[in-house]
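# Fold and contact review
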Amino acid sequence: MQLHEVELYVKDVEATKSFHKTALRVMAIGFLLSVPAAAQQQGFQDALLDHLAGNWVLRGTIAGSETTHDIAAEWVLGHQYLRIHEVAREMDSVGAPAYEAIVFIGWDEPTGRYACLWLDVTGGGGLTGEAIGHAAPNGDELAFVFDPGDGGVIHNTFVYNREADTWQWLIDNENGGNRTPFARVTLTRQ
């Protein structure tokens, strides 16, 4: 082998080593970046709530009036909560939606129940705990009970119909042990 050939061979070896080092660095960076993404995807896994994620149209009766609302539900905050954004199509006297709510549903590990925080335009003490309900796991039904502490109780039951891929929301007000229907609505996919 001549000196010129040796120099070319050494350059090839060095280039190959440099390529391998770069490839290893790229793979290491890719691995390190994928670990947090995988950790974030773990979150709260719930097959029933997965059926509620998506865009829906809510139709039915609330407080004795026919209504239509748009619903957008998505997993948020590291897949820990399902956020539901509900907006009425009906407008109030100033042109704003007649009703709007943001709802968070998650899992309360210590009690083994679902927890629901319901915040809406009515106020209602949502941040003081009055708008927090709980539901025990029960097949395709989430029967949330909200106790605002004023002697009345609100029952908000979400029922999933697997065959039709629809949800029913049944809301009843309870006072003195007597339940009165408040809302009977159905959610269908948009």
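Reading guide: rules and limits
- Residues numbered from 1 in each chain as written.
- Predicted model: local features only at pLDDT ≥ 70, side-chain atom pairs only at ≥ 80, totals over all residues.
- Heavy atoms only, no water.
- Helix = DSSP H or I, 4+ residues; strand = E, 2+ residues; numbered from the N terminus.
- Buried < 20%, exposed > 50% of the residue type's maximum accessible area, 1.4 Å probe, protein only.
- Contact = heavy atoms within 4.5 Å.
- Areas by Shrake-Rupley, 256 points an atom, 1.4 Å probe, with all protein chains shown as cover.
- Pairing = 2+ DSSP bridges.
- pLDDT = per-residue confidence, 0-100.
- Axes fitted to C-alpha atoms, helices over the stretch in contact; angles between N-to-C directions.
- Core = buried A, V, L, I, M, F, W, Y, C linked by side-chain atoms within 4.5 Å.
- Salt bridge = Lys/Arg side-chain N within 4 Å of Asp/Glu carboxyl O.

## Notes on the overall build of the chain
Check the secondary structure of the chain and you find 2 helices and 10 strands. Its helices and strands taken in sequence order, the chain reads α-α-β-β-β-β-β-β-β-β-β-β from the N to the C terminus. Among the 190 residues that make up the chain, the fraction classed as buried is 26%. Partitioning the contacts of the chain with sequence separation of at least 6, the portion at a separation of at least 24 is 33%. Just so you have it, the chain exposes about 11,700 Å², and 57% of that area is on carbon and sulfur atoms.

## Details of the pairing of strand 5 (residues 113-120)
A regular strand places its side chains on the two faces of the sheet in alternate fashion. Direction of pairing for strand 4 (residues 100-108) relative to strand 5: antiparallel, over a ladder of 8 bridges. Pairing of F104 across the sheet is with L117, part of strand 5. Hairpin connection between strand 4 and strand 5: a loop of 4 residues separates the two successive antiparallel strands, and G112 in this loop has a positive phi of roughly 70 degrees. As judged from the 4 bridges shared by strand 5 and strand 6 (residues 132-135), these two strands associate in the antiparallel manner. Counterpart to A115 in the pairing with strand 6 is H134.

## A short note on the confidence of the model for the chain
Across the chain, the average pLDDT comes to 84, with 75% of residues at or above 70. Residue range residues 22-40 is modelled with pLDDT below 50. Its contacts to residues more than four positions away, or to other chains, number 2 contacts.

## So, the sheet that holds strand 1 (residues 54-62)
Spatial ordering of the closed barrel is given by 1-2-3-4-5-6-7-8-9-10, a layout of 10 strands whose pairing is antiparallel. Each strand of the sheet is rotated relative to its neighbour by a mean of 25 degrees, with strand direction disregarded. Bridging between strand 8 (residues 152-161) and strand 9 (residues 166-175) involves 10 bridges; their strand directions are antiparallel. Opposite G152, over in strand 9, you have N175 as the bridge partner.

## Quick notes on the nonpolar core
Judged by nonpolar contacts, the single largest core of 29 residues is most densely connected at I84, F158 and W169. Residues within four places of F158 in sequence aside, it is in contact with L52, I84, I105, W118, D140, E141, L142, F144, W167, Q168 and W169.

## Some words on the pattern of salt bridges
Per the counting criterion, the structure on display carries 6 salt bridges. Its salt-bridge partner being R89, residue D70 comes within 2.8 Å of it at the nearest N-O pair. Pair noted here: D70 is in strand 2 (residues 65-76) and R89 is in the loop between strand 3 (81-88) and strand 4, with a separation of 19 residues, a long-range link. Judged by relative accessible area, D70 falls into the partly exposed class, the value being 26%.

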